[in-house]
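Chain by chain, the residues:
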Amino acid sequence: MKLYFKLALRNLLAAGLRTWLNVIVLSFAFVAIIWSQGLYRGMSRHAAQAMTEVELGGGQYWHENFDPYNPLTLQEAHGPVPEPLAQLIQEGKATAILIVQGTLYPQGRFFPVLIKGIDPRQKILLFPSRYLELSRNLELSQSGEIPALIGSRMASTCGLKIGDTVTLRWRDKRGAFDARNLTIVHIMKTSVQSVDQGQVWISLDLLRELTGLEGEATVITLAKDVNFAGAVPGWSYKSLDFLLRDIDEVIRGKTIGASIIYFVLLSLAMLAIFDTQVLSIWRRRKEVGTLMALGMTRAQVIKLFTIEGAMHSVLAAVVAALYGLPLLVFFARKGLGMPKAVDSYGFALDERIFPTYSIGLIMGTVIIIMVITTMVSFLPTRRIAKLKPTEALRGRIT
Amino acid sequence: MENEILIETRDLVKIYPMGRHGIIALNKVNLVFRKGEFAGLVGPSGSGKTTLLNIIGSLDSPTSGSAIVLGKKVEELSHKEAARLRNKNIGFIFQTFNLLPHYTAYENVEFPLLLLKIPASERKRRVMQALEWVRLADRFNSRPSQLSGGECQRVAIARAIVKEPAIILADEPTANLDAENSHNILQIMAGLNQQLRTTFIFATHDDKVIRYLRRKITLFDGRVVKDEIREQERKMDDTLPVKEARILK
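Residues numbered from 1 in each chain as written. Chains lettered and ligands numbered in written order. Predicted model: local features only at pLDDT ≥ 70, side-chain atom pairs only at ≥ 80, totals over all residues. Heavy atoms only, no water.

**A look at the interface of chain A and chain B**
Turning to step 1, where the next piece is worked out: On the side of chain B, 24 residues touch chain A, which itself brings 20 residues to the contact.
Turning to step 2, where the next piece is worked out: Counting across the chain A and chain B interface gives one salt bridge.
Turning to step 3, where the next piece is worked out: One salt bridge in this structure joins E107(B) and R10(A), with 3.5 Å as the shortest N-O distance.
Turning to step 4, where the next piece is worked out: Here chain A and chain B share six residue pairs in polar contact (both at pLDDT 80 or more) between them.
Turning to step 5, where the next piece is worked out: When residues of the side of chain A that touches chain B are traced back to their parent elements, those giving at least two are helix 1 (2–14), helix 9 (285–293) and helix 12 (389–393) of chain A.
Turning to step 6, where the next piece is worked out: It is helix 9 of chain A that provides the largest number of residues to the side of chain A that touches chain B, a total of six residues.
Turning to step 7, where the next piece is worked out: In the side of chain A that touches chain B, the residues fall into 10 nonpolar, five polar and five charged. (Contact = heavy atoms within 4.5 Å. Salt bridge = Lys/Arg side-chain N within 4 Å of Asp/Glu carboxyl O. Polar contact = N/O pair within 3.5 Å; in protein donor to acceptor, adjacent residues only side chain to side chain. Helix = DSSP H or I, 4+ residues; strand = E, 2+ residues; numbered from the N terminus. Nonpolar A, V, L, I, M, F, W, Y, C, P; charged D, E, K, R; others polar.)

**Section: the sheet that holds strand 3 (residues 38–42) of chain B**
Across a sheet, strands are paired by hydrogen bonds formed along the backbone, either parallel or antiparallel in direction.
All names here are of chain B.
Turning to step 1, where the next piece is worked out: Strand order in the open sheet made by the six strands is 6-7-8-3-9-10, with mixed pairing throughout. Sheet topology places strand 6 (90–93) and strand 10 (223–229) at the edges, where each strand pairs with a single neighbour. Taken over all neighbouring pairs, the strand axes of this sheet differ in orientation by 15° on average, direction set aside.
Turning to step 2, where the next piece is worked out: Where helix 1 (residues 49–56) meets the sheet, its contacts fall on strand 3, strand 6, strand 7 (167–171), strand 8 (199–204) and strand 9 (215–220), and the angle it forms with strand 8 comes to roughly 150°.
Turning to step 3, where the next piece is worked out: Set on the sheet, helix 2 (residues 79–89) makes contact with strand 6 and strand 7; between it and strand 6 the angle comes to about 80°. (Pairing = 2+ DSSP bridges. Axes fitted to C-alpha atoms, helices over the stretch in contact; angles between N-to-C directions.)

**As for the environment of F378(A)**
Residues and elements named next belong to chain A.
Turning to step 1, where the next piece is worked out: By the secondary structure assignment, F378 is in helix 11 (residues 359–381).
Turning to step 2, where the next piece is worked out: Considered as a pair, F378 and L304 are 74 residues apart in the sequence and their alpha carbons are 9.9 Å apart.
Turning to step 3, where the next piece is worked out: Apart from the residues within four sequence positions on either side, F378 is in contact with I302 and T306.

**Quick notes on the packing of helix 8 (residues 245–283) of chain A against helix 11 of chain A**
All names here are of chain A.
Turning to step 1, where the next piece is worked out: It is at 8 Å that the axes of helix 8 and helix 11 come closest, and there the two elements cross at 30°. For the crossing formed where helix 8 meets helix 11, the hand is right-handed. Contacts between helix 8 and helix 11 pair L266, M270, I273, F274, Q277, V278 and I281 from the former with I369, I372, T373, V376, S377, L379, P380 and T381 from the latter. (Left-handed = near helix turned anticlockwise from the far one by under 90°.)

**So, unusual backbone geometry**
Residue and element names in this part refer to chain B.
Turning to step 1, where the next piece is worked out: You will see that S58, though not glycine, has its phi angle at about 55°, which is positive.
Turning to step 2, where the next piece is worked out: As for its position among the elements, S58 is in the loop between helix 1 and strand 4 (64–69).
Turning to step 3, where the next piece is worked out: Residues other than glycine seldom take positive phi values, yet N98 does so here, at roughly 50°.
Turning to step 4, where the next piece is worked out: Counting through the fold element by element, N98 comes out in the loop between strand 6 and helix 3 (105–115).
Turning to step 5, where the next piece is worked out: You can call N98 buried: its relative accessible area is 6%. (Buried < 20%, exposed > 50% of the residue type's maximum accessible area, 1.4 Å probe, protein only.)

**Some thoughts on the pairing of strand 6 (residues 165–171) of chain A**
All names here are of chain A.
Turning to step 1, where the next piece is worked out: On strand 6, burial follows the alternation: V166, L168 and W170 on one face are buried, whereas T165, T167, R169 and R171 on the facing-out side are not.
Turning to step 2, where the next piece is worked out: Sheet topology places strand 3 (residues 94–105) next to strand 6; four bridges connect them, and they run antiparallel. Within the sheet, the bridge partner assigned to T103 lies in strand 6 and is R169.
Turning to step 3, where the next piece is worked out: Direction of pairing for strand 6 relative to strand 7 (residues 177–188): antiparallel, over a ladder of seven bridges. Its bridge partner being in strand 7, T167 is matched across the sheet by N181.
Turning to step 4, where the next piece is worked out: What sits between strand 6 and strand 7 in their antiparallel hairpin is a turn of five residues, with G175 showing a positive phi close to 90°.

**Regarding the sheet that holds strand 4 of chain B**
Turning to step 1, where the next piece is worked out: Reading across the sheet, the four strands line up as 2-1-4-5 (chain B) and stay open at both edges, with antiparallel pairing between neighbours. Looking along the sheet, the strands with just one partner apiece sit at the ends: strand 2 (23–34) and strand 5 (72–73) of chain B.

**Remarks on a positive patch on the surface**
Residue and element names in this part refer to chain B.
Turning to step 1, where the next piece is worked out: On the surface, K72, K80, R84 and K88 cluster together to form a positively charged patch.
Turning to step 2, where the next piece is worked out: The element that contributes the greatest number of residues to the positive patch is helix 2, accounting for three residues.
Turning to step 3, where the next piece is worked out: Position of R84 among the secondary structure elements: in helix 2.
Turning to step 4, where the next piece is worked out: Assessed through its relative accessible area of 45%, R84 is described here as partly exposed. (Patch = residues over 30% accessible without salt bridge, like charges linked within 9 Å, V, L, I, M, F, W, Y side chains within 5 Å. Areas by Shrake-Rupley, 256 points an atom, 1.4 Å probe, with all protein chains shown as cover. Lys, Arg positive; Asp, Glu negative; His and termini not counted. Charge placed at Lys NZ, Arg CZ, Asp CG, Glu CD.)

**Details of the packing of helix 2 (residues 17–56) of chain A against helix 11 of chain A**
Residue and element names in this part refer to chain A.
Turning to step 1, where the next piece is worked out: Where helix 2 contacts helix 11, the two axes come as close as 10 Å, and the packing angle between them is 145°. Remark: the crossing between helix 2 and helix 11 carries right-handed chirality. Between helix 2, through L26, A29, F30, I33, I34, Q37, G38 and R41, and helix 11, the contact on the second element is made entirely by L361, I362, T365, V366, I369 and T373.

**Thoughts on the domain arrangement of chain A**
Turning to step 1, where the next piece is worked out: In terms of domains, chain A is made up of domain 1 (2–52 + 247–393) and domain 2 (62–238).
Turning to step 2, where the next piece is worked out: On a C-alpha basis, the centroid separation for the pair domain 1 of chain A and domain 2 of chain A is 51 Å. (Domains from an automatic or database assignment.)

**Thoughts on helix 5 (residues 149–161) of chain B**
Residue and element names in this part refer to chain B.
Turning to step 1, where the next piece is worked out: Between its first and last C-alpha atoms helix 5 spans 18 Å; for 13 residues at 1.5 Å apiece the expected length is 18 Å, and the two agree.
Turning to step 2, where the next piece is worked out: Counting buried positions along helix 5 yields 12 of 13 residues, so the element is predominantly enclosed.
Turning to step 3, where the next piece is worked out: Restricting attention to buried positions, one finds in helix 5 the residues G150, E151, C152, Q153, R154, V155, A156, I157, A158, R159, A160 and I161. (Expected span 1.5 Å × (residues − 1).)

**Side note on a negative patch on the surface**
Turning to step 1, where the next piece is worked out: There is a patch of like negative charges on the surface, built from D241(A), D246(A), D248(A) and E249(A).
Turning to step 2, where the next piece is worked out: In terms of residue count, the dominant contributor to the negative patch is helix 8 of chain A (three residues).

**Points about the pattern of salt bridges**
Residues and elements named next belong to chain A.
Turning to step 1, where the next piece is worked out: Tallied over the entire structure, the rule returns 19 salt bridges over all chains.
Turning to step 2, where the next piece is worked out: Across the pair E91 and K93 runs a salt bridge whose closest N-O atoms are separated by 3.6 Å.
Turning to step 3, where the next piece is worked out: With a closest N to O distance of 3.3 Å, R394 and E391 form a salt bridge.
Turning to step 4, where the next piece is worked out: Since its relative accessible area comes to 15%, E391 is described here as buried.

**Concerning the side chain of N87(B)**
Turning to step 1, where the next piece is worked out: Structurally, N87(B) is set in helix 2.
Turning to step 2, where the next piece is worked out: Each residue touching N87(B), except ones within four places of it in the same chain, is listed here: L294(A), G295(A), P112(B), L115(B), L116(B) and K163(B).

**With respect to the layout of surface pockets**
Residues and elements named next belong to chain A.
Turning to step 1, where the next piece is worked out: By volume, the largest pocket amounts to about 940 Å³.
Turning to step 2, where the next piece is worked out: Elements that contribute at least two residues to the lining of the largest pocket include exactly helix 2, strand 1 (60–63), strand 3, strand 4 (111–118), strand 8 (199–203), helix 7 (240–243) and helix 8.
Turning to step 3, where the next piece is worked out: Within the lining of the largest pocket, the residues separate by chemical class into 25 nonpolar, eight polar and five charged.
Turning to step 4, where the next piece is worked out: Residues from two domains meet in the lining of the largest pocket; each of domain 1 (2–52 + 247–393) and domain 2 (62–238) gives at least three. (1 Å grid on protein atoms, 1.4 Å probe; cavity = no way out; pocket = protein on both sides within 12 Å on 5 of 7 lines; lining within 4 Å. Points joined across faces, edges and corners; volume = space filled by probe spheres on them.)

Structure follows, in structure tokens:
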């Protein structure tokens, strides 16, 4: 086998520019696939990490009526915090969130929002809930205004800034409408849209008081190291895997989209290699005859030509490593700036995404390309199996 | 063993399919070649010289009859067995040299030994020896494109002889060479035949080659019309320059 690799490499290098053109196109495919897969992995990892830290924790218990995709369920989606979960909250291993529908009236317009109550002292989520603490907002409390924090997207949409006062209306547990002014005490900058757009965060105790829902919650978020606290009647446990499923699916969708580009790139490279192989066998038919006359079997000649074609991918891997590794390392360190439009992707993305490359990704890509190249290289060589040595020596193909 | 029969053909027929009846390239050829022969198949184009050479070289198989080469019936050999026979026992020299273009002279000569899986040190010794035989040791690193026609053919001879095969088949080996180079090549081959007792069989219609043959088999329309042992054998010392004779001895 060593002999075939040696001969194949020698033949390949001797083919000069033709080889290097194929190798360079194939190396683009290597780098593009690894880079973009790394980028999507980086996105996925960042989104999962950010959402875990800011919103999902180690998993959640949802009130049985809670359906995040159906706002009409919110009116009934709350209940008293059950004992085992209350115990966890006491121990600082979970935090309760109450979600109520409301309307904000910024600058004379109305804007439907979700009013979310969170414990200002919670340490479960990396969420700036401390800005809602009563001790920070004594003046506001005395004047009857609600201290609230919102995300930067929400602030931008409603044209609000810190210190602005705006009217908030909600319905209490009996369905009666009530309204009060709220003042923006903090605008948080977060990549997690699901805690930002269309949401107003206020103190949990205050929201319970305003709605008459004392001791109630919609969602209980567990700390990262607490995964499952057992079955709780009236509440359903949602694991982190379940909660991140949407992101995984979005990323998968994006990856499939990107795969079309790889497919085109790889197809171009494969077409070039296939073409080279066909030409090579045609141009070197006399050489094939000579190899047979010297004692090579047809199978051996096929093996030699297949290895020769497949070696394109080996050379491409080397070339890709030469310019690709520094490029990939550069992006892994410096990240890639994301345009504002990525907010429309529907999951948490930072301003810079740092691609993540694993050994599995690199080796997997290399192996897949090598296998495809070998298959493409093999196909034209089947013609050699039909070749008569005497015809080949005369430079004919039968 | 002297006079050992290496090749025997019995009622050898080769018909190439063409039209309704096909072309008869060989018609009941019966021949015997012994060890150490320096024989030639002569005749006009289309007389069946190359076809016979190809069948003896197990590159082709007969339509009927039998070709027994080193005890093996060519018509019964599988592709693999035929390749093994060529690899171990038969050397080929072609009209157009058929050197591997990207390989140096050394690498071209080395190639059959690589297929035979000869160890590297032994390979080197034998390649250099073969290149010495054809007086090209100093050009071992040249590629075919850097060699003249005569030198290319000498590399091809070295490649054929390096594995010290029992039989060397040369198809019009001088057709692409000028007179001086032709004589050089023939002297080298005659010398190797004497020294190594390798059987040489030529397909030729070149008078220069015919002059060197010790056995001349004339083919016409696929039949052997004459098989003559030449009385006047050329003596090595008469034909080779002093320097060449010394090398070969």
